[in-house]
Every structure is written in C-alpha cells, then in structure tokens.
Amino acid sequence: QVQLVESGGGLVQPGGSLNLSCAASGRILRISVMGWYRQAPGKERELVAVIPSAGSTNYADSVKGRFTVSRDNANNTVLLQMSALKPEDTAVYYCYGNVFTIPFARNDYWGRGTQVTVSS
C-alpha cells in the first residue's frame, strides 16, 4: 500500500505565496508521475501541475507563471510553490502519484487533501 501525505495548506491573502509539500511512502518501486490536483466547492477536480520522473512538467493554464512544481525522486516528494495567489485558487489541493509498487503493480494514489484559502 502507498500513502501520500500533504502539508502546507492554509489561509493566505490575495497576492501572497504558499508552499505545499507531499511525501509518498510504502512499498514503492518508483513513481512515474507526481503532482497536484485541486477541487473547489461545486466544481470537479482539476489538474494543477504534474511532473514526470523525467521530462517536462504540465501546468493548468490558470496557474502558469505563478505556480512551480518540483520533485525529489530519491525521497518520493513533490513540492508546489504558489505565488500571486488569487481568490479563485481557493480549493482543496490533492497530491497525486502514479506509482509502481512491490510486488509489481501500477496504480494511481491520492492524498487526503489540504485546504488552501485565498481571502482578505
């Protein structure tokens, strides 16, 4: 089994910054893709940013130039640096991982989510 645990959510004023981190643990062989999704009240979950183990990142158009995703493959962690936050960024942010496990299997895993609220 694999666990993804997020940290770093909270309340921030518009224009402010916030960092989210996520650590994966369990019987992990390797993680193909890690990243972040978010879900605002009354809306569907949407991609924020994902990063493969090798290759280029993928960002939602709404966060390009404001958010940066990075990962530490050795420690199975992913970080989301958010700046110039807007009220429309308010949502529950979920960590995501596409994980190869021991014994061999490949599945999608999700964290429980962390609330980010952008408000004055």
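The structure contained in this document is the topic of the report that follows. Keep in mind the model is a prediction, meaning the values are calculated, not measured.

Among the secondary structure elements, N98 is positioned in strand β9 (residues 91-101). Overall, N98 belongs to the buried group, its relative accessible area being 10%. A distance of 2.6 Å separates polar atoms of two side chains, one belonging to N98 and the other to R106. Here D108 takes part through its side chain, which lies 2.8 Å from a polar atom of the side chain of N98. If near-sequence neighbours (up to four positions away) are discounted, N98 is found in contact with I31, S32, V33, R106, N107 and D108.

Our next topic: the environment of I31. Counting through the fold element by element, I31 comes out in strand β4 (residues 28-39). Judged by relative accessible area, which is 4%, I31 ranks as buried. Separated by 70 residues in sequence, I31 and T101 have C-alpha atoms that sit 8.6 Å apart.

Reading guide: rules and limits
- All chains use their own residue numbering, which begins from 1 and follows the written sequence.
- Only residues with pLDDT of 70 or above have their local features reported here, since the model is predicted, and side-chain atom pairs are shown and tallied only from 80 upward, although totals for entire chains, interfaces and linings are computed over all residues.
- The side-chain values count all of the structure's non-hydrogen atoms but skip hydrogen atoms and water molecules.
- Helix and strand definitions follow DSSP, with helices as H or I runs of at least four residues and strands as E runs of at least two, each counted in order from the N terminus.
- Note on classification: 1.4 Å probe, protein chains only; a residue is buried when its accessible area is under 20% of the maximum for its type, exposed when over 50%, partly exposed between these limits.
- Polar contact criterion, stated in full: a pair of N or O atoms within 3.5 Å, where within protein one must be able to donate a hydrogen and the other to accept it, and residues adjacent in sequence count only if both atoms are side-chain atoms.
- The contact definition used throughout considers only heavy atoms, calling two residues in contact when any of these lie within 4.5 Å.

Just distances and angles here, no functional claims.
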